[in-house]
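For reference, the chains in residue letters:
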Amino acid sequence: QVQLVESGGGLVQPGGSLRLSCVASGSTHNIYRTHWYRQAPGKQRELVASITTGNSTNYADSVKGRFTISRDNAKNTVYLQMNSLKPEDTAVYYCNARFFSGFDSWGQGTQVTVSA
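The rules we used
Residues numbered from 1 in each chain as written. Predicted model: local features only at pLDDT ≥ 70, side-chain atom pairs only at ≥ 80, totals over all residues. Heavy atoms only, no water. Helix = DSSP H or I, 4+ residues; strand = E, 2+ residues; numbered from the N terminus. Buried < 20%, exposed > 50% of the residue type's maximum accessible area, 1.4 Å probe, protein only. Polar contact = N/O pair within 3.5 Å; in protein donor to acceptor, adjacent residues only side chain to side chain. Contact = heavy atoms within 4.5 Å. Phe/Tyr/Trp six-rings, centres within 6.5 Å; stacked < 30°, edge-to-face > 60°. Lys NZ or Arg CZ within 6 Å of the ring centre and 35° of its normal.

Where do I start with the side chain of Ser105 in this structure?
Looking at where Ser105 falls in the secondary structure, it is placed in strand β10 (residues 104-106). For Ser105, a relative accessible area of 13% corresponds to the buried category. A distance of 2.9 Å separates a polar side-chain atom of Ser105 from the backbone oxygen of Val2. With residues up to four places along the chain from it excluded, the contact list for Ser105 reads Val2, Leu4, Cys95, Asn96, Ala97 and Phe99.

Hey, could you run me through the environment of Thr113 in this one?
Assignment of secondary structure puts Thr113 in strand β11 (residues 110-114). Taking relative accessible area as the criterion, Thr113 reaches 26% and is therefore assigned partly exposed. Between the alpha carbons of Thr113 and Gly10 there is a distance of 6.1 Å; along the sequence they are 103 residues apart. Ignoring sequence-local partners within four residues, the contact set of Thr113 consists of Gly10, Leu11, Val12 and Thr90.

Which parts of the structure should I look at to understand the packing of aromatic side chains?
In this description, an aromatic ring pair is defined by two values, namely the gap between the centres and the angle between the planes. Overall, the coordinates contain three aromatic pairs when judged by the stated rule. Here the aromatic rings of Tyr32 and Phe100 are separated by 5.6 Å at their centres, their planes lie at 55°, and the arrangement is tilted. Note that Tyr32 is positioned in strand β4 (residues 31-39) and Phe100 in the loop between β9 (91-99) and β10, a separation of 68 residues in sequence. For Tyr32, a relative accessible area of 33% puts it in the partly exposed group. Among the aromatic residues, ring-to-ring pairing joins Tyr37, Tyr94 and Trp106 into one connected group. In this structure, Arg45 is placed above the aromatic ring of Tyr94, and the distance from its NZ or CZ to the ring centre is 3.9 Å.

Pasting the structure below:
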């Protein structure tokens, strides 16, 4: 079992920055890849970024060059640094951990609102 807790969301003006954190606890050695997803009102959940245990990263086209995913293994934490935020980045952001077994675990989500 792995538990995920996200934090760092909030209200920010367009052009601003936020850093989201996802802290994992439990059997974290079973995690193969960690993802950040987001879901805006009335829209499907979409993949924003991912990072493997080998630090291979991947980004959605809509956030490339603005968002950076990283990890601190000592703290069992994955970060999402979000710069140059736009109103269309407004969503609930979820952390997802994928295990070597193929199963996964989700956090509770953190709200990001980009508005003037």
